[in-house]
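Chain by chain, the residues run as shown.
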Amino acid sequence: MATVETRFFLLQSKFPQVFIPFLQALREVGPEAYHVLSDMHTYMQTLPRGFREFDVLPDDPNDIILLGDLCLYAPRDEASGIGGIFIGKGSRGRIIPVESNNFTVQWQFDYDGWGFLGRVLEHTAAVSPTDVVAQEILLLISDMLEQLEGQDALTLLDSVSQLLDRDTSIIAIVGHIFEEASARKNIGVSVAALKFFTALIRHRSADVWAFLVNSSLSDPSGNGGRSAFILSSVEIINGDYRFTLAVITFVSNLVTDALFSKLAPHADSVQRSEILLGLIRHLVNVFESFSYWKYQFLVDRLDIATYIAEIFINVLTLVYSVDEMTDGPQKLNGILYPASSVIIDRFLSDGKSVRCLQPLLSAINAASKSLNSLATEQELLDRTYEWVECAIRFLEQLVRTRSLLPNRPPSRLERQLFISSPKLVALFQKESVFRQRIMTVFNAVVSSTWTTEDQPSLLAHLGSKCAVDFANALADALNSDIDLMMQNEIAKFATLVFRAKQQGLAILFLTGQEGGKLDQLESNRDNKNVPLVDTLRSKLYALDRLPAEFAANLLESLTFAQNTLSTSILEDEDNKLHRFVDKLLTIIDRGSSGRITGLESSETIVRFSYEALVAARAVQLCAVHLWKSGPGSKGCGELIRHFEGKIVELSSVAFKTQGYRASLHGNLHRNFERKWPEISLIRFQRTDLVASERKYGVQYKYDVAMMNWMLRADPIWDGYRLEVEQSNLNLSLVDAQSHLFWGWWILSVALMEYVADNHKLAKSLEEVAQQCLTISVQEGVLAPLILPLVNGRSNLAFMITMRLQELSSETSKCKLKGYKVDYQSLLRLSSSLINSVDLDFAQALSTSSHSNYRPLLRLLIVCLRGVQSTTMIKSNSETAKTVQDLLQQVVSRSYMIFGPEVLAAFHPLQEDDEGHCMTEQEQDMLLITTILRECLNTGGIT
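1. Digging into the packing of helix α13 (residues 337–347) against helix α15 (residues 378–404)
Then step 1. Across the interface, α13 lies against α15 with an axial gap of 11 Å and an inter-helix angle of 95°. Our classification of the angle between α13 and α15 gives roughly perpendicular. Here Ile 343, Ile 344 and Phe 347 of α13 lie close against α15, whose contacting residues are Phe 394, Leu 398 and Thr 401.
Then step 2. Its residues placed into classes, the contact of α13 with α15 shows 5 nonpolar, 1 polar and no charged.

What follows is the structure, encoded as structure tokens:
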């Protein structure tokens, strides 16, 4: 260390006599170099020949003092002296002994070394712009701009510019150096200049864009400009790609800055969009051909592939991860839209050419064979892993992007991925480091939309043996507890397959053999291949120890498997309930009974949300099990006994919307658009492109990271950011409760099949129907987000009441015959809900803004008929008043709203009206008329 410090001290004391070595030493110091060069105290020079205007001090003959001013660096103009560096009369120095006859003096001189470098650079740009001096100065300044933050970086730029001509700037000088050096094919200086502009983006991006407007670096027409010129005439011949790599890094930073500069004042978005378009076109051309070039260093080949693919991923993410409802340059990040269109057109073409896809497919193909040949070259091996991982990510991004484009047919890439699926399976088996990424690609491929044709069969492309090997490899991966994130992706994949888009592979996962039959599952389990569904089911034994998201996806995959199988997931070979049923019921009870206000800490809200989600998946699994098993089957008794005693208590919580903060969302949207009228909060909603990243928490719904980057220059953003994060947390809470609601909704419907001979279950379901109506009356319609839940409650109440009326009628042959349904309570609740201010029945009926009232109209008809069958209306004044209110508030108001055209609902169909379908208004007219008739048929009403 002492030797290094001594060497640096000696170089510093000899500056600028020893110029380049000191600059290179400064680059090794790090950010401290900024302060070192800012405060220089010595200046070493060789005195001009014949210079004698100094005197020797008496104490030491090597110490001298100036008798007049001395020019240390020549001015731009001798007469004016402007731009020169002078040391004044009386300054002291020390003569340094050298072998030559010239005097070398180290002057005691305080100066800012950055200003000196700026003056040297200005002179070099005018005289010899390709000199190594320019290269070293630019590299040092670039390093400092990369390492310094905020004001220090801006101060550095001011310091470098302090001795420059007032009519020029350091930006213009470096731009001139770049143009000259690149025209003369000087790679070293060109790369140094590009590094300067790359580092400058973070501090003064507007100056960089201004440089690019007149720069020859790129050509918007697609010819590549100076970038393609140097690549074809120098780099491909020499096999050295330093300039192309510098261009790639530069473009990467420009893409990110385009996001930040969207709201910058005076930013010409059209101009910047054209610049990016030209640069991306060049990089697409590079990506198509880089694999055919010669290389001095093989790592350059891998770096070019990796860095370009990462840029393409970033462009697609910025354009398509938000603002799904807008298209074209009007998108939130529309400045990148033309560039993204180039990527999409080249990589998602339906044509026969696969040249641009070849590097991606070749990466998978080569890696699937073996990477052992690189074991002795660690750096090359590491870069290869990075490239393969990046290629897989890019493939996933392309497939997901295509599904977001409504009018774009399936691409050649997606067909090639089906063809390459055996290679992906081989890579999955050989390299565990890629497993999670490979599963995300399979998930993207299987979930992609194929509207104009059937999606290809993954099983057919894998082949019988490969498909079985794949299923076994997935099972082995699930049996390990090392990579739970990868196992989570496997659970998602199984869910997608079980949804019947890939029937052949679904049968293999369910039976353990290709071409097996679902109704022979038990006998198929005797073969050596354990069905993947059994491995998934075995994970339930440790369900309470799994990450919540994984547990939820695992339960969902088993739910879809159960929906396909004829046998029960929850039963073993002896037709007894598995011991994990107790765990399921415990999870359901815990996740369905919690209470929350929405004001808790983010950790509490996220934990509650995932507990509710896991409980929802568990409820769905039980519901499907009950539905598939049916009344009289073995193994359902424990579930029925549990739910008939718990459903009232648990659904009273599960059917509610807890903690929804309507004022938070309303105020946030209103204030956000008032502050930033050119954008709106709703446009930052995340799309399915980042579906795998959408997790409950502060990043759930709105892309806070993108907003943070785009709005970071505005000091008021920090306050808004906290509100957006709170909104994301609250929407996480609502989403989880929505899943829980629909899980219990499905379970309630499934339990209706078991109510015929069970008075206790019938009573519980009747109370559930009353709860549905009571909760809707109490909560009201909080927001459009809640409307489906309100409609779901009304539908469930109608279905339960209708079922109980059917089973309790005098003509029923089940044990529930004669069961007394409390129709009067249900009638009052239904009437209260349809007349509530929040539901706004009259407005909805006249504008068709929503149809939440329609199941209530049907429920009112059922309740009125039930009341008629059980009691005379005059014996209950409260019920009589309810019926009279219905006549006045529902029937009369409806007839006032309906126009004469809806009377067509009562016209007899003519021969040419055979295909006539009633409009929604005509259906409403029939429902209202039926309510009128039932009200009039109710005893006690006059």
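2. What to know about the pairing of strand β6 (residues 92–96)
Then step 1. By the alternation rule, side chains of β6 split into Gly 93 and Ile 95, which are all buried, and Arg 92, Arg 94 and Ile 96, of which none is buried.
Then step 2. Looking at chain direction, strand β3 (residues 63–66) and β6 are connected through 3 bridges and run antiparallel. Bridge pairing links Asp 63 to Arg 94 in β6.
Then step 3. Note: β6 against strand β7 (residues 104–111), 4 bridges, orientation antiparallel. Its bridge partner being in β7, Gly 93 is matched across the sheet by Trp 107.

3. Details of the environment of Ile 490
Then step 1. Along the chain, Ile 490 turns up in helix α21 (residues 484–501).
Then step 2. Of the residues examined, Ile 490 reaches a relative accessible area of 0% and is grouped as buried.
Then step 3. The spatial distance from the C-alpha of Ile 490 to the C-alpha of Arg 435 is 9.5 Å, given a sequence separation of 55 residues.
Then step 4. In this structure, Ile 490 is in contact with Phe 428, Met 439, Leu 474, Ala 477 and Leu 478, ignoring residues within four places of it in sequence.

4. Points about the pattern of salt bridges
Then step 1. Applying the stated rule across the entire model yields 38 salt bridges.
Then step 2. One salt bridge in this structure joins Glu 288 and Arg 346, with 3.0 Å as the shortest N-O distance. Linking Glu 288 in helix α11 (residues 269–289) with Arg 346 in helix α13, this pair joins segments that are 58 residues apart in sequence.
Then step 3. Take Arg 346: its relative accessible area is 29%, and that puts it in the partly exposed class.
Then step 4. Put simply, Glu 379 and Arg 383 hold a salt bridge, and the shortest N to O gap is 3.4 Å. Of this pair, Glu 379 and Arg 383 both sit in helix α15, 4 residues apart, which is roughly one turn of that helix.

5. Considerations on helix α37 (residues 877–897)
Then step 1. When the terminal C-alpha atoms of α37 are compared, their 29 Å separation across 21 residues agrees well with the 30 Å that a helix rising 1.5 Å per residue should span.
Then step 2. The principal kink in α37, of about 30°, is found at Leu 886.

6. What to know about the sheet that holds β6
Then step 1. One open sheet accounts for 5 strands, arranged β1-β7-β6-β3-β2; its pairing is antiparallel. Each of the sheet's edge strands pairs with one partner strand only, and the pair in question is β1 (40–46) and β2 (54–56). Neighbouring strand axes in the sheet, compared pairwise and without regard to direction, differ in orientation by 35° on average.
Then step 2. With 6 bridges joining them, β1 and β7 adopt antiparallel strand pairing. Note that in β7 the partner of Met 40 across the bridge is Tyr 111.

7. With respect to the pairing of β3
Then step 1. Alternating positions in β3 separate cleanly, Ile 64 and Leu 66 being buried on one face and Asp 63 and Ile 65 remaining unburied on the opposite face.
Then step 2. Here β2 runs beside β3; their pairing, made up of 3 bridges, is antiparallel. Across the sheet, Val 56 pairs through a bridge with Ile 64, a residue of β3.

8. Points about the confidence of the model for the protein
Then step 1. Across the protein, the average pLDDT comes to 87, with 91% of residues at or above 70.
Then step 2. Mean pLDDT values for the elements of the protein range from 49 in helix α23 (residues 521–524) up to 96 in helix α5 (residues 132–147).

9. Remarks on the packing of aromatic side chains
Then step 1. Tallying each qualifying case throughout the model produces 45 aromatic pairs.
Then step 2. Judged by centre distance (4.9 Å) and plane angle (50°), the ring pair of Tyr 610 and Tyr 696 falls under tilted. A residue pair is termed long-range when its members are at least 10 positions apart, and Tyr 610 in helix α27 (residues 602–629) and Tyr 696 in the loop between α29 (662–675) and α30 (704–711) qualify at 86 residues.
Then step 3. Classification of Tyr 696 by relative accessible area gives buried; the value is 10%.
Then step 4. Arg 435 extends its terminal NZ or CZ atom over the ring of Phe 428, reaching a point 5.0 Å from the ring centre.
Then step 5. For the cation-ring pair, Arg 694 lies above Tyr 700, with the distance from its terminal atom to the ring centre recorded as 4.8 Å.

10. Side note on the nonpolar core
Proteins that are soluble and globular tend to have nonpolar side chains buried together.
Then step 1. In terms of nonpolar packing, the biggest core is built from 318 residues, with Phe 196, Phe 312, Phe 493 and Trp 744 touching the most fellow members.
Then step 2. For this core, the leading source of residues is helix α8 (residues 187–213), giving 15 residues.
Then step 3. Leaving out residues up to four positions away in the same chain, Phe 493 has contacts with Met 439, Phe 442, Asn 443, Val 446, Leu 458, Phe 470, Leu 474, Leu 505 and Phe 509.
Then step 4. Grouped together as the second largest cluster of nonpolar side chains are 5 residues, Ile 596, Phe 608, Leu 729 and Leu 733 included.

11. Notes on unusual backbone geometry
Across residues other than glycine, the phi torsion is negative in most instances, and most of the peptide bonds are trans.
Then step 1. Note that the residue after Phe 15, namely Pro 16, is joined by a cis bond; omega there is 0°.
Then step 2. Checked against the element boundaries, Pro 16 lands in the loop between α1 (2–13) and α2 (20–29).
Then step 3. The backbone phi angle of Lys 185 is positive, close to 60°, even though this residue is not glycine.
Then step 4. With respect to the helices, strands and loops of the structure, Lys 185 is situated in the loop between α7 (170–183) and α8.
Then step 5. Judged by its relative accessible area of 37%, Lys 185 falls in the partly exposed class.
Then step 6. Non-glycine residue Asp 323 carries a positive phi angle of around 55°.
Then step 7. Turning to its location among the elements, Asp 323 is positioned in the loop between α12 (298–320) and α13.

Criteria and thresholds
Residues numbered from 1 in each chain as written. Predicted model: local features only at pLDDT ≥ 70, side-chain atom pairs only at ≥ 80, totals over all residues. Heavy atoms only, no water. Axes fitted to C-alpha atoms, helices over the stretch in contact; angles between N-to-C directions. Helix = DSSP H or I, 4+ residues; strand = E, 2+ residues; numbered from the N terminus. Parallel < 35°, antiparallel > 145°, perpendicular 65-115°, else oblique. Contact = heavy atoms within 4.5 Å. Nonpolar A, V, L, I, M, F, W, Y, C, P; charged D, E, K, R; others polar. Buried < 20%, exposed > 50% of the residue type's maximum accessible area, 1.4 Å probe, protein only. Pairing = 2+ DSSP bridges. Salt bridge = Lys/Arg side-chain N within 4 Å of Asp/Glu carboxyl O. Expected span 1.5 Å × (residues − 1). Bend = angle between axes of the 7 residues up to and from the residue. pLDDT = per-residue confidence, 0-100. Phe/Tyr/Trp six-rings, centres within 6.5 Å; stacked < 30°, edge-to-face > 60°. Lys NZ or Arg CZ within 6 Å of the ring centre and 35° of its normal. Core = buried A, V, L, I, M, F, W, Y, C linked by side-chain atoms within 4.5 Å.

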